Amino acid sequence: MLSGLIVLLVLEFIFRTFLEIREARIFSRKNRFAMIRVIPFLNDFVPFPENIHQEEKNNPFITFHEEAHQKHRHTLSRLLLKGVFFFICILGLFYVVDQWKVSLIEIVILFHLALFVLQIPYHYYIWQQEFEADEYATKKTSPTQAKKQLRLLVEEEIPYSPLFALLYREHPPATQRLKKVLEKRS
């Protein structure tokens, strides 16, 4: 079983390496910290940094966007989903430990691989909440204001492909958020 898990870790490493290379080619940039993201286990503890930008206090779009998160209880649903995924991982690990009598190192590798797999549907779920909050803020302000704010975000944000962002980021790329707002307008 350990050799199979090591093969899966190597496949994860190769996947992340190709993703980093693809990202560098698409956007013609090099990131000296990219190797941290491809190393199994280290990528669990070194989160990909979100853009840190000053939110304008008097910006209605941002205010309504955050209001939508509160109104729809997005924080609570995110925590619940994390709890469900964690519970599934724990149950799966208990089953594996009981049935296959695995070692501690195999448990750690299994937990890491489960996190790798489950972060994709988790990020996708969060993205839907971001789109929902953008839609709410657009209705409360105006499509013009929404487009203006999202265009500013597009300029501030380091561009990422959707696949890369789905793997590493809790927010969809600003270009996708702007595209959704423009689609709703049409």
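Residues numbered from 1 in each chain as written. Predicted model: local features only at pLDDT ≥ 70, side-chain atom pairs only at ≥ 80, totals over all residues. Heavy atoms only, no water.

## Quick look at the overall build of the protein
Here is step 1 of the chain: A count of helices and strands for the protein gives nine helices and zero strands.
Here is step 2 of the chain: Judged by the C-alpha coordinates and their principal axes, the protein covers about 60 × 40 × 30 Å.
Here is step 3 of the chain: In the protein, which comprises 186 residues, the share counted as buried stands at 37%.
Here is step 4 of the chain: In the protein, once contacts between residues fewer than 6 apart in sequence are set aside, the share between residues at least 24 apart is 79%.
Here is step 5 of the chain: The positive charge centre, built from 24 side chains, and the negative charge centre, built from 20, are 5 Å apart in the protein. (Helix = DSSP H or I, 4+ residues; strand = E, 2+ residues; numbered from the N terminus. Buried < 20%, exposed > 50% of the residue type's maximum accessible area, 1.4 Å probe, protein only. Contact = heavy atoms within 4.5 Å. Lys, Arg positive; Asp, Glu negative; His and termini not counted. Charge placed at Lys NZ, Arg CZ, Asp CG, Glu CD.)

## A few points about the environment of Met-35
Here is step 1 of the chain: Relative to the helices and strands, Met-35 is located in helix 2 (residues 34–38).
Here is step 2 of the chain: Given a relative accessible area of 49%, Met-35 falls into the partly exposed group.
Here is step 3 of the chain: C-alpha separation for the pair Met-35 and His-72, spaced 37 residues apart in sequence, amounts to 37 Å.

## Notes on helix 4 (residues 60–71)
Here is step 1 of the chain: Given a rise of 1.5 Å per residue, twelve residues ought to cover 16 Å, and the 16 Å separating the end C-alpha atoms of helix 4 matches this to within 8%.
Here is step 2 of the chain: Along helix 4, the residues that are buried comprise Phe-61, Ile-62, His-65, Ala-68 and His-69. One face of helix 4 carries all of its buried residues, which in axial projection span an arc of 120°.
Here is step 3 of the chain: Two residues or fewer past helix 4, Arg-73 is found with a positive phi of approximately 55°. (Expected span 1.5 Å × (residues − 1). Arc of directions from axis to C-beta.)

## Details of the environment of Arg-16
Here is step 1 of the chain: Structurally, Arg-16 can be placed in helix 1 (residues 2–27).
Here is step 2 of the chain: Classification of Arg-16 by relative accessible area gives buried; the value is 2%.
Here is step 3 of the chain: In this structure the side chain of Arg-16 is engaged in a polar contact, spanning 3.2 Å, whose partner is the side chain of Tyr-168. (Polar contact = N/O pair within 3.5 Å; in protein donor to acceptor, adjacent residues only side chain to side chain.)

## Regarding the side chain of Arg-16
Here is step 1 of the chain: One polar contact links Arg-16 to Glu-12, side chain to side chain, over a distance of 2.8 Å.
Here is step 2 of the chain: When residues no more than four places from it in sequence are discounted, the contact partners of Arg-16 are Arg-37, Val-38, Asn-43, Phe-116, Gln-119, Leu-167 and Tyr-168.

## Remarks on the confidence of the model for the protein
Here is step 1 of the chain: When pLDDT is averaged along the protein, the result is 87, and 92% of the positions lie at 70 or above.
Here is step 2 of the chain: The weakest mean pLDDT in the protein belongs to helix 3 (residues 42–45) at 75; the strongest belongs to helix 4 at 93. (pLDDT = per-residue confidence, 0-100.)

## Brief notes about the packing of helix 1 against helix 6 (residues 104–140)
Here is step 1 of the chain: Taken N-terminus to C-terminus, the directions of helix 1 and helix 6 make an angle of 35°; their axes are 10 Å apart at the nearest point. In this structure, the crossing between helix 1 and helix 6 has a hand that is left-handed. Where helix 1 abuts helix 6, its residues Leu-2, Leu-5, Leu-8, Leu-9, Glu-12, Phe-15 and Arg-16 lie against Ile-105, Glu-106, Ile-109, Leu-110, His-112, Leu-113, Phe-116 and Gln-119.
Here is step 2 of the chain: Grouping the amino acids of the contact of helix 1 with helix 6 by side-chain chemistry returns ten nonpolar, two polar and three charged. (Axes fitted to C-alpha atoms, helices over the stretch in contact; angles between N-to-C directions. Left-handed = near helix turned anticlockwise from the far one by under 90°. Nonpolar A, V, L, I, M, F, W, Y, C, P; charged D, E, K, R; others polar.)

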